[in-house]
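Here is what each chain is made of, one letter per residue.
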Amino acid sequence: MEPFVAVDVIAAKRDRAELTDEQIDWVVDAYTRGVVAEEQMAALAMAILLNGMSRQEVSRWTAAMIGTGERLDFSGLSRPTADKHSTGGVGDKITLPLAPLMAACGVAVPQLSGRGLGHTGGTLDKLESIPGWRCDLSYRQIVKQLEEVGAVVCAATEGLVPADRKLYALRDVTATVPSIPLIASSIMSKKIAEGTGALVLDVKVGSGAFMKSEAPARELAQTMVELGTDAGLRTVALLTDMSTPLGRAVGNAVEVTESVEVLAGGGPPDVVELTLALAREMLALAGQPDADPARHLADGSAMDVWRAMVSAQGGDPDAPLPRARESHQVVAQQAGTVTRLDALAVGTAAWRLGAGRARKEDSVQAGAGVLLHAKPGDTVREGQSLMTLLTDDADRFDLAEAALADAVRIEPADGAATSRTSVVLDTIRTTTTS
Ligand code: URA
């Protein structure tokens with residue numbers, strides 16, 4: 001005999017009541033067991049989207065989601081653990097240099113990652129462009145690699161938060177993804193269940209991000225930091241700019257190449273800045289505030305961990321990466337200063353070139369993507385190449401160029417505002433508990 005009736009729980013949220021702990025525990029568990037029907041959870045998700053949740057409700061919802069599956073435990077490792085989660089952006093390859101960098105600094109990174117959907121890329125898709133590299137590791141293999149190498153980036157294990165797998169698929173087809181309590185609980189349930197000791201969130205703001213403006217991004221960041229804090233996980237969030245792509249490469253193999261440049265002590269300044277900013281927060285949370293991540297990029301020790309990390313997962317760090325068969329240049333229509341390079345447009349172009357997928361089942365092209373030769377603040381000549389489009393299928397160029405129609409603004413050099421700003425907009429630390 002079930003203790004509640006789903007219709008009563010839906011009606012309570014519809015009428016703006018605060019759900020009790022017992023109602024939340026039951027409805028999340030009963031949905032995962034198939035007792036609460038898909039249409040009932042769809043109605044409840046819409047009621048949550050429209051009427052919101054209190055801090056207590058979202059905290060309990062997150063705990064109930066975690067309770068539907070297994071929890072990983074890395075407390076037996078010889079070093080502290082810390083992880084990073086990004087809400088997703090264009091050219092966001094930061095995990096690739098950051099995970100080995102943290103390991104070089106003495107902090108282990110257990111990163112359970114995902115694939116890309118739509119205009120945002122996925123970390124696993126990028127790493128899978130390395131010949132031989134595989135992402136399906138067992139819990140035992142993850143622990144072994146963390147102890148021996150210090151960093152793992154792999155697919156989430158099957159048993160991790162099964163409620164989220166089911167609920168996220170339902171939200172996707174019922175227009176209930178953009179709810180701050182549901183996004184925050186979805187992300188944080190997985191990160192808390194993953195067993196990391198500390199967590200830094202990279203919450204992106206701008207056209208290429210989930211959150212297009214600062215106010216909702218700030219609210220999402222605050223909610224996630226509170227959820228982490230309530231669950232006893234040391235959590236900080238950075239609000240970072242995603243109005244323009246990160247770095248100069250957007251795609252899969254091309255982003256691996258750029259990440260290796262960062263690990264070799266070079267790479268684009270915005271990628272280096274964000275990698276170091278996130279590393280410093282992770283090190284502080286993991287109790288290593290004096291470690292110097294910039295030194296580990298410069299002295300090759302982070303690169304050594306990268307090579308070990310790729311090899312441990314079957315990849316060949318020396319193998320040439322796949323290259324697209326076809327390329328096409330997008331040139332400047334006038335001379336001047338680039339004042340806008342829209343992240344969403346570039347992400348959509350990369351997706352249309354084959355770097356991303358429209359549905360979960362689609363495959364991606366390892367070599368497809370966009371190389372950016374001019375970023376906001378750069379001056380360009382008329383006819384100069386702004387971007388190289390890369391794909392295996394030349395018939396994709398028209399669609400990609402259509403996506404880029406309004407992506408770039410060039411203004412006369414003397415009148416343009418050219419100041420480059422920091423990619424980190426703010427840091428959100430909340431220490432108070434409910
Ligand atoms: N990413 C997640 O994991 N969950 C959401 O709800 C949205 C983005």
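Conventions used here
- Residues numbered from 1 in each chain as written.
- Predicted model: local features only at pLDDT ≥ 70, side-chain atom pairs only at ≥ 80, totals over all residues.
- Heavy atoms only, no water.
- Helix = DSSP H or I, 4+ residues; strand = E, 2+ residues; numbered from the N terminus.
- Rg over C-alpha atoms; globule rule 2.2 N^0.38 Å.
- Buried < 20%, exposed > 50% of the residue type's maximum accessible area, 1.4 Å probe, protein only.
- Contact = heavy atoms within 4.5 Å.
- Near = heavy atom within 4 Å.
- Polar contact = N/O pair within 3.5 Å; in protein donor to acceptor, adjacent residues only side chain to side chain.
- Areas by Shrake-Rupley, 256 points an atom, 1.4 Å probe, with all protein chains shown as cover.
- 1 Å grid on protein atoms, 1.4 Å probe; cavity = no way out; pocket = protein on both sides within 12 Å on 5 of 7 lines; lining within 4 Å.
- Sits in = over half its atoms within 2 Å of the grid points.
- Nonpolar A, V, L, I, M, F, W, Y, C, P; charged D, E, K, R; others polar.
- Domains from an automatic or database assignment.
- Buried area = accessible area lost by both parts, 1.4 Å probe.
- Pairing = 2+ DSSP bridges.
- Axes fitted to C-alpha atoms, helices over the stretch in contact; angles between N-to-C directions.
- Core = buried A, V, L, I, M, F, W, Y, C linked by side-chain atoms within 4.5 Å.
- Points joined across faces, edges and corners; volume = space filled by probe spheres on them.

Moving on, we come to the overall build of the protein. Across its full length, the protein holds 16 helices and 13 strands. The C-alpha radius of gyration of the protein comes to 22 Å, within 12% of the 22 Å expected for a compact globule of 434 residues. Within the protein, buried positions represent 55% of all 434 residues. A sequence separation of at least 24 residues applies to 79% of the contacts in the protein between residues at least 6 apart.

Turning our attention to the site of the ligand. The ligand sits among Tyr168, Arg171, Ile183, Ser186, Ile187, Lys190 and Phe210. A distance of 2.9 Å is found between an oxygen atom of the ligand and a side-chain nitrogen or oxygen belonging to arginine 171. Relative to its free-state accessible area of 240 Å², the ligand is covered by the protein chains to the extent of 85%. Here the ligand is seated within the largest pocket. Elements supplying a minimum of two residues to the shell around the ligand: α8 (162-172) and α9 (180-193). For the shell around the ligand, the element with the most residues is α9, which contributes four residues. Among the residues making up the shell around the ligand, the classes are represented as four nonpolar, one polar and two charged.

Now for the domain arrangement of the protein. Segmentation of the protein into domains returns domain 1 (6-52), domain 2 (83-318 + 424-428) and domain 3 (326-415). Between domain 2 and domain 3, the contact holds 24 residues from the first and 29 residues from the second. Both faces combined, the contact of domain 2 with domain 3 buries some 1,900 Å², and carbon together with sulfur accounts for 55% of it. On the domain 2 side of the interface with domain 3, the three residues burying the most area are His119, Arg248 and Val250, jointly 30% of the side's total.

Strand order in the open sheet made by the four strands is β6-β9-β11-β7, with antiparallel pairing throughout. Each end of this open sheet is capped by a strand with a single partner; those strands are β6 (249-251) and β7 (326-331). Here the average twist between neighbouring strands, direction ignored, is 15 degrees. Alignment of strand β9 (residues 369-372) against strand β11 (residues 385-391), held across four bridges, turns out to be antiparallel. Within β11, the position partnered with leucine 372 by the bridge is methionine 387. Against the sheet, helix α11 (residues 253-263) engages β6, β9 and β11, with an angle of about 140 degrees to β6. Helix-sheet contacts for helix α15 (residues 343-355) involve β6, β9 and β11, and the interaxial angle to β9 is about 135 degrees.

On to the nonpolar core. The nonpolar side chains of a soluble globular protein tend to be buried with one another. Counting 76 residues, the largest nonpolar core has Met102, Trp306, Val346, Val370, Met387, Leu389 and Leu404 as the members making the most contacts within it. With 10 residues, helix α12 (residues 269-285) is the largest single contributor of residues to this core. The residue makeup of this core includes at least three contributed by each of domain 2 (83-318 + 424-428) and domain 3 (326-415). Beyond its immediate sequence surroundings of up to four residues, leucine 389 is in contact with Glu326, Ser327, His328, Val330, Leu353, Gly369, Val370, Phe397, Ala400, Glu401 and Leu404. Formed by 61 residues, the second largest nonpolar core is a distinct cluster that contains Trp26, Ala42, Leu146 and Ile183.

The tally for this structure, following the rule as stated, stands at one cavity of 30 Å³ or more. In this structure, the largest cavity occupies an estimated 120 Å³ of space. As for the largest cavity, its lining consists of 22 residues, and the residues nearest its centre are His119, Thr120, Gly121, Ala355 and Gly356. Going through the elements one at a time, α6 (123-127), β6 and α15 are the ones with two or more residues in the lining of the largest cavity. Of the residues forming the lining of the largest cavity, the biggest block, four residues, is contributed by α15. Both domains that meet at the lining of the largest cavity, namely domain 2 (83-318 + 424-428) and domain 3 (326-415), each give it at least three residues.

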